Amino acid sequence: DSVAFEDVAVNFTQQEWVLLDSSQKNLYREVMQETCRNLASENGKTRILKITSKNLGKIQ
């Protein structure tokens, strides 16, 4: 079965995001970057993913 970014993405509202401390925000960034890399190389095929603030979340 194919996996889409939306299937594995974790989204925070702006209100939730401001409640996270810096280590939690950094962990989120690392996990989402790894998720993007994994999706981009799914099944050994390289795919191009367009990552925008809409699908990655607004990161400040």
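These figures come from a predicted structure and were not determined experimentally.

Asker: Help me understand the overall build of the chain in this model?
Answerer: Assigned secondary structure in the chain consists of four helices and zero strands. Taken from the N to the C terminus, the helices and strands of the chain come in the order α-α-α-α. In the chain, buried positions account for 25% of the 60 residues. The contacts of the chain with a sequence gap of at least 6 include a subset with a gap of at least 24, amounting to 62%. For the chain, the accessible area works out to roughly 4800 Å², and carbon and sulfur atoms hold 51% of it.

Asker: How should the environment of Tyr28 be read in this particular structure?
Answerer: Its location among the elements puts Tyr28 in helix H3 (residues 22-40). A residue is classified by how much of its surface remains accessible, and Tyr28, at 7% relative accessible area, is buried. Separated by 18 residues in the primary sequence, Tyr28 and Val10 place their C-alpha atoms 8.4 Å from one another. A distance of 2.9 Å separates a polar atom in the side chain of Tyr28 from the backbone oxygen of Val10.

Rules of the game
- Residues numbered from 1 in each chain as written.
- Predicted model: local features only at pLDDT ≥ 70, side-chain atom pairs only at ≥ 80, totals over all residues.
- Heavy atoms only, no water.
- Helix = DSSP H or I, 4+ residues; strand = E, 2+ residues; numbered from the N terminus.
- Buried < 20%, exposed > 50% of the residue type's maximum accessible area, 1.4 Å probe, protein only.
- Contact = heavy atoms within 4.5 Å.
- Areas by Shrake-Rupley, 256 points an atom, 1.4 Å probe, with all protein chains shown as cover.
- Polar contact = N/O pair within 3.5 Å; in protein donor to acceptor, adjacent residues only side chain to side chain.

Function-wise, these values are silent; they only describe arrangement.
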